[in-house]
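# Summary of the model geometry
Chain by chain, the residues:
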Amino acid sequence: MRIVTIPCRSDNYAYLLVCEETQEAAVVDPSEAGPVLAAIEAEGVRVTAIWNTHHHFDHVGGNDAIAKKFSGCAIVAHESDKGRVPGQTVFAKDGDAVAVGKEVRATVIFNPGHTLGAISFLLESPAAVFTGDTLFAAGCGRTFEGTAEQMHSSLVRLTSLAPETQVYCGHEYTASNLVFAAVVEPSNKAVTERAAKTSALREQGQSTMGFTIADELATNVFVRCAEPEVVASAQREGGTGSSEVDVFGALRSWKDRF
Ligand SMILES: [Zn+2]
């Protein structure tokens, strides 16, 4: 199988997961139809499923137009997003298996926090996870609907996946997330190195997607809430309490106004 990254809107990503044996494909998070339909045509694939990580408009905006072109196209989202995802036909829950063609097989991971129905799709082979707005490169989504505790435990769960697992998220926020990380954890050399790599990629107009869980464990302050430097920074910015959830909550509200 192959993964095609499709830039959409100003900084969104949709993805095409292609079964090379059958030329069938799943679309992850089509925020808008135009660029996704162009990629579908360029790849010469038939879409049999749309996988939505959550209900926000910039993740489902292309659902109707794409489903209209491919009759019988399944639209998968969390069961609790019923009524919030256009055209939803599959009401998934944690641990459910989803598949397209013979090669594209994934498991649903329920990770509430950004929204209450947020899910990720964990591909079997290659090991890759599509995290929407839950886990970003060196960051995470805002906790719009869930609590700090829910978001933190969702992030801990995702970063407990095998370290070599590749991550594809919903937005190209990597550079700005690393600017924040460098302020929170100035002595972390992995952050500095990743920021340099990110600038080089972005200067060449390339996406930073396909990073790994190992990268996140080394540089994502939102899952490094027990590191003394992270704890100290969070407390300096008004954080109270030193549990990992307390530190996470302080970091998240700091980043919201950063
Ligand atoms: Zn969102």
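The structure contained in this document is the topic of the report that follows. What you see is a predicted model; the values in this text were computed from it and never measured.

In a regular helix each residue adds 1.5 Å, so 15 residues correspond to 21 Å; helix α6 (residues 189–203) covers 21 Å between its end C-alpha atoms and thus fits that length. Among all positions in α6, only Val191, Arg194 and Thr198 are buried. Projected down its long axis, α6 shows its buried positions confined to an angular sector of 65 degrees, all on one face. Among the exposed residues of α6, those pointing more than 90 degrees away from its buried face are Lys189, Thr192, Glu193, Lys197 and Glu203. Looking at the buried side of α6, the elements it contacts are α5 (174–184), β14 (211–212) and α7 (213–219). For α6, the capping residue at the N-terminal end is Asn188, with a side-chain oxygen 2.9 Å from the backbone nitrogen of Ala190. Backbone geometry just after α6 places Gly205 at a positive phi near 70 degrees.

The subject of this paragraph is the packing of aromatic side chains. This model, assessed by the stated rule, comprises 10 aromatic pairs. Each ring, one from Phe180 and one from Trp254, has its centre 5.1 Å from the other, and the planes form 75 degrees; the classification is edge-to-face. You can see Phe180 sitting in helix α5 and its partner Trp254 sitting in helix α9 (residues 244–256), a full 74 residues away along the chain. On the basis of an interplanar angle of 65 degrees and a centroid distance of 5.7 Å, the ring pair of Phe222 and Phe248 is categorised as edge-to-face. Placement of the pair is Phe222 in the loop between α7 and α8 (228–236) and Phe248 in helix α9, with a sequence separation of 26 residues. Here the two residues Phe222 and Phe248 agree in accessibility, since each one is buried. By way of ring pairs, the aromatic residues Phe180, Phe222, Phe248, Trp254 and Phe258 are connected into one cluster. Stacked on the ring of Phe91, the Lys or Arg Lys82 has its end atom at 5.2 Å from the ring centre. In this structure, Lys255 packs its charged tip against the face of Phe180, placed 5.9 Å from the ring centre.

Calculation rules
Residues numbered from 1 in each chain as written. Predicted model: local features only at pLDDT ≥ 70, side-chain atom pairs only at ≥ 80, totals over all residues. Heavy atoms only, no water. Helix = DSSP H or I, 4+ residues; strand = E, 2+ residues; numbered from the N terminus. Expected span 1.5 Å × (residues − 1). Buried < 20%, exposed > 50% of the residue type's maximum accessible area, 1.4 Å probe, protein only. Arc of directions from axis to C-beta. Contact = heavy atoms within 4.5 Å. Polar contact = N/O pair within 3.5 Å; in protein donor to acceptor, adjacent residues only side chain to side chain. Phe/Tyr/Trp six-rings, centres within 6.5 Å; stacked < 30°, edge-to-face > 60°. Lys NZ or Arg CZ within 6 Å of the ring centre and 35° of its normal.

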